Amino acid sequence: MQYEAPETTKAAVGLLAKAKGSAYVLAGGSDLLVRMKGGFVEPDLVVDIKRIKPMREIRKTASGFTIGAAVSCAEMNENKALIKAWPGVVEAAGLIGSKQVQSRCTVVGNLCNSSPAADSVPALFAAGARAVIQGPRGKRKVAVEDIPVGPGKNALKKGELIEAIELPARKGKSGDAYLRFIPRSEMDIAVVSAGVSLTLDAKGVIKDARVALGAVAPTVVLVKAAAKAIVGTKLDGTALEKLGEAASAACSPIDDKRGTVEFRTKVAAVLARRAAEIAYKRAGGK
Amino acid sequence: MASESTMAHPFEDAPNHVTPTVIHDPVLARTDFKSVGTRPLRPDGLDKVTGRARYGADFSMPGQLVGLVLRSPHAHARIRKIDTSKAEKLPGVKAIVTAADLPDHTGGDQSMYDILENCMARGVAKYDGHAVAAVAAVDAPTARKALKLIKVDYEVLPHVTDVDEAVKPGAPLVNPRLLTEGVEPRPTKPSNIAKRTEFGHGDVDAGFKQADVIVTRSFRTEQTHQGYIEPHACVASVSPDGTGELWVCTQGHFVYRNHCAMLLGMDVSRLRVTSSEIGGGFGGKTHVWAEPVALALSRKANRPVKITMTRDEVFRASGPTSATSIDVRIGARKDGTIVAADATLRFSCGPYYGMWAELGSMTAFACYDLKNVRTVGYEVLVNRPKTAAYRAPSAPMAAFAVESVMDELAHKIGMNEVDFRIKNAARQGTKASYGPVYGPIGIGATLEAAKKHPHMSAPLGKNQGRGMACGFWFNFGGQTCTDINVGPDGSVTLTVGTVDVGGSRASIALCVAEELGVSYEQVKCIVADTGSLGHNDMTDGSRGTFSSSMAGIFAARNAITVLRERAARMWEIPVDDVKWEDGHAKAVGEKYGNLAPLSLKEIAAAAVNTGGPIAGHSEIVADGAGVSFATHIADVEVDPETGRSKILRYTVIQDAGKAVHPAYVEGQYQGGAAQGIGWALNEEYIYGKDGRLQNAGFLDYRIPVCSDLPMIDTQILEIPNPNHPYGVRGVGETSIVPPLAAIANAMSNAFGVRMTHVPMSPPRVLKALEAAKKA
Ligand SMILES: Cc1cc2nc3c(=O)[nH]c(=O)nc-3n(C[C@H](O)[C@H](O)[C@H](O)COP(=O)(O)OP(=O)(O)OC[C@H]3O[C@@H](n4cnc5c(N)ncnc54)[C@H](O)[C@@H]3O)c2cc1C
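Analysis parameters
- Residues numbered from 1 in each chain as written.
- Chains lettered and ligands numbered in written order.
- Predicted model: local features only at pLDDT ≥ 70, side-chain atom pairs only at ≥ 80, totals over all residues.
- Helix = DSSP H or I, 4+ residues; strand = E, 2+ residues; numbered from the N terminus.
- Rg over C-alpha atoms; globule rule 2.2 N^0.38 Å.
- Buried ≥ 20, exposed ≤ 12 C-beta atoms within 10 Å, placed from the backbone.
- Contact = placed C-beta atoms within 7 Å.
- Near = placed C-beta within 6 Å.
- Nonpolar A, V, L, I, M, F, W, Y, C, P; charged D, E, K, R; others polar.
- Pairing = 2+ DSSP bridges.
- Axes fitted to C-alpha atoms, helices over the stretch in contact; angles between N-to-C directions.
- Parallel < 35°, antiparallel > 145°, perpendicular 65-115°, else oblique.
- Left-handed = near helix turned anticlockwise from the far one by under 90°.
- Expected span 1.5 Å × (residues − 1).
- Domains from an automatic or database assignment.

A. Focus on the overall build of chain A. Helix and strand counts for chain A come out as 11 helices and 14 strands. On C-alpha atoms alone, chain A measures out to a radius of gyration of 19 Å, which is about the 19 Å that the 2.2 N^0.38 rule sets for 286 residues. Overall size of chain A, expressed as C-alpha extent along the three principal axes, is 55 × 45 × 35 Å. Looking at the 286 residues of chain A, the share that counts as buried comes to 50%. Looking at chain A alone, contacts between residues at least 24 apart form 65% of all its contacts between residues at least 6 apart.

Spelled out as structure tokens, the structure:
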């Protein structure tokens, strides 16, 4: 196995593009190293991106935030401006594993690993985040929803990597929230999860909403019907109920060691409702 | 469990520990302990917190090979052929063993044969994870490669993993030759029921006729694992001269020695076993798995071999506890008197005969004074790993069922659940449901303490409930051999053969310091290898501190006899005129008034001139382990929309006889409760339809993490055990018995639905809540 730690994105893309056999980007390694130790993957090339300076930065611009692909979840949780603008995204990143895991792991790794139960991903979907992709053919930006394509599979092509995640600027009354269900209090994998992002008008009526669910389908899913159920409302009881119904309807989970179909479908509604309530409050709704 | 056979009962001294003939030891009356009851640091503490302590995988030998085990991917399969030829040719592979390298030396001992077959499948793989071959190679990658090159030709057979499915007619037979024991006449057709046992007295049917209220319910508990953090690990080294050494993580190195020697066809004296520090055992390290295989590999390779199980292997192929299915029926009169109690218990054993339902049957009603009681146990074979002991084995499941029904019955007759139990509690002289008559016991006292405890009357919030439950465990004594050697400087080496799992070195040293009249710091307690002491049973049955402190005290008394003789010689007076007091020899009588007392140090310094080294020895069967009782109180909050629960407050009240080191007694109370909470809420083995274990890791086998638990409150009661010089009872196991029931009762009180299936995981709780809503 060859290990490389280039200092520029260009060099990293070059290595990946030229690689023969299996090549992996290494960010925090909290998925990749575990899989290597377990003998599930045997990479021929590992490209560590942590020495690439721009990838270690969180930048605030007029159009929002750019979070470098090698920024750890712990670093996100230390960025006051980011917390203020996107509390839901940051709290999702802060739920991954433990303090130790968070000091290594990244939201891009979480996204690329493409687990339906990935914690930061529903929050990123709800936030309308975009992934900045660099590859042999240059740069492209795609919605994060287009990255995961199935459990453990992502849409990146050979030689491509994600350089950063972009979060839009927050305007007016808006808020987001993420909730996951785990039987324990930490160190567990989401059985169901929900991310909600809302923008309200001056009167507190929801004018824009995005709702995403985790662990209820082969990938994290953006549930447009759930968003529709609450747009134009003040998140009253009926709206919440409709939101829950739409969330449950969007579930196509499996029965497995982590939860049953019935349970996941029911709890998806509960979490979507509760996350919406938190997001609504954060947006200044009453 | 006793030494030679895993089937011997941990309570085989039952008639003794309930004997009404109290040993009137003058020391028992004493309350003036100087060392006993204090809380000094344990001798292994510093090394453990700094990482210096050596656990099973920390031993290494020059030239050591890496041993890996090939395991069956099938729940049940005939092994037609194992082709190792390709693997053998791989450079770096030094030995491969299969069952053919472990010929049967068990001489008709069925339980040892089962262990042999469990260590390495003989013709049939009986569960997912069953060992079928093993490799020793120069490094791990080579060994892993070799495993892939071994070709096993399996004929997959029908399997059964569920305890209720296994007893249905037509279920696949785990052992097609098995005829149920304990049924008259003996059945002629095989089944998956290995044995039926029955306990009790009185006339249960007549009893139920007197009942005003009867509650009948069925319960299920899923299989759990002890969840010790340290996986099994050992280094084996067999010399061409036929002698061998084994360094291993175990709860009982003498028992491992005896088992391994038998399975390898060696004399016991030719195998020397050294136990490492132990990162948890809880009963799971009372049984050999990889150790005989490591020895066989070393013997074949003529090199030391280390085997360290992965977590996956620990889950799939060590010894979890039983899954159970239990029916309970209890009847009472309106005044709260129980008139009859009946239970049928089906416990899974894995593919081999066990005594797990039997233990459940014996413990089920042990807390109560019952006129008419009956328990029937069925040992059920399934295609799962061979069940091993888990802390008070079988008692938690039985208590879950019985204590749930006790609560329901109390509520039905309109009585407070604590008062109902106090009214029916066993006491001194009660004939236990499993046979013997109790000596002085603590069940009543723990219940009274629970009633008075502030926890019982603390206010509860919305969606919260409080539950309580009682628990019993036999405790065990067993064979114990201990040495005391006084060093030339007067410091004392205390050599024990019981593995220290929970701080017993500190406790035993405290007792010996007490008896000798010296300071705790002057006594260094070590665990010796099997070449250095006579046989010691393993640390199970809560026997470590009970039995080894007893042997330690007797060894100290023998040492004191020697010390008095030496002082007499130094003074040139008759030994009868020398007494031992406060760590000094004192001349008795006016005529010696001017002789200054001799300290242990002074006598030790003179030893070379008075007869040589000073030692005390003791070998005993530590009879009279006092039975143990506890009452627990739990507060639970349940999220009615998700079924998720949280333990808000938890209190353990238990009789310790005498708490030698109260901090470590509290640790045992808290540890057992923590394991019980995990069992109650989330821990379970999950098998797929293919008979394979789905969650062989700590991510999906959910033991509680720190933040899941409240600080567990403890209250130690001291009702002295008359059979121990200081009144000590074992304390290690009873604490895991009540939690399943206490939490189930709390949930039931929180939302009015009786939970009958453990673990009470969120999907199960939510389902029960919804069912109740519909009803
Ligand atoms: C103990 C433990 C607990 C955990 N708990 C949680 C949890 O609670 N919730 C949760 O969601 N996850 C959890 N995880 C999984 C893991 O920590 C997360 O998925 C984490 O976000 C992965 O980030 P990473 O930077 O460590 O990824 P890595 O392991 O470095 O990478 C993950 C995958 O993404 C690829 N990749 C990484 N960066 C890029 C990039 N820039 N471009 C293209 N591909 C890339 C890698 O090649 C690899 O395939 C846990 C893991 C452990 C070990």
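B. Spotlight on the site of the ligand. Residues and elements named next belong to chain A. Taken together, 30 residues lie near the ligand, and Ala27, Gly28, Gly97, Gly109 and Asn110 sit nearest. Contributing elements (two or more residues each) for the shell around the ligand: strand E2 (23–26), helix H2 (32–37), helix H7 (107–113) and strand E10 (161–168). Of the residues contributing to the shell around the ligand, the split by class is 19 nonpolar, eight polar and three charged.

C. How the structure looks around the sheet that holds strand E26 (residues 713–717) of chain B. Residue and element names in this part refer to chain B. The strand order across the open sheet built from four strands is E16-E24-E25-E26, with neighbouring strands paired in mixed fashion. Only two strands of the sheet have a single neighbouring strand rather than two, namely strand E16 (464–473) and E26. In this sheet, neighbouring strand axes are inclined to one another by 15° on average, regardless of whether the strands run parallel or antiparallel. Note that E16 and strand E24 (residues 628–638) share 10 bridges and pair antiparallel. Within the sheet, the bridge partner assigned to Gly471 lies in E24 and is Ala630.

D. Structural context of the pairing of strand E17 (residues 479–486) of chain B. Residue and element names in this part refer to chain B. The element E17 is largely enclosed, with a buried count of six among its eight residues. With four bridges connecting them, E17 and strand E18 (residues 492–496) associate as antiparallel partners. The residue of E18 that forms the bridge with Val486 is Val492. The hairpin turn running from E17 into E18, its antiparallel successor, is five residues long, and Gly490 in that turn takes a positive phi close to 85°.

E. Quick peek at the packing of helix H20 (residues 662–681) of chain B against helix H21 (residues 739–751) of chain B. Residues and elements named next belong to chain B. In contact at an axis separation of 8 Å, H20 and H21 are set at 55° when each is read in the N-to-C sense. Compared by their axis directions, H20 and H21 come out oblique. By crossing handedness, the relation of H20 to H21 is classed as right-handed. Note on element contacts: H21 touches H20 through Pro739, Leu740, Ile743 and Ala744, opposite Ala673, Gly676, Ile677, Trp679 and Ala680. Looking at the contact of H20 with H21 residue by residue, the class counts come to eight nonpolar, one polar and no charged.

F. Expanded view of helix H12 (residues 395–412) of chain B. End to end, H12 of chain B covers 25 Å across 18 residues, agreeing with the expected 26 Å (1.5 Å per residue, within 8%). Looking one or two residues past H12 of chain B, Gly414 of chain B carries a phi angle of roughly 75°, positive in sign.

G. Expanded view of the domain arrangement of chain B. All names here are of chain B. Along its sequence, chain B is carved into domain 1 (57–157 + 230–279 + 285–317), domain 2 (324–475 + 626–774) and domain 3 (477–621). Measuring from the centre of the C-alpha atoms in domain 1 to the corresponding centre in domain 3 gives 40 Å. Taken residue by residue, the interface counts 13 residues in domain 1 and 13 residues in domain 3. Among the elements of the structure, helix H8 (253–264) and strand E11 (271–275) are those that each provide at least two residues to the side of domain 1 that touches domain 3. Residue composition of the side of domain 1 that touches domain 3, grouped by class: four nonpolar, seven polar and two charged.

H. Representation of the interface of chain B and chain A in the model. The interface is formed by 18 residues belonging to chain B together with 16 residues belonging to chain A. Partitioned by chemical class, the residues of the side of chain B that touches chain A number seven nonpolar, six polar and five charged.

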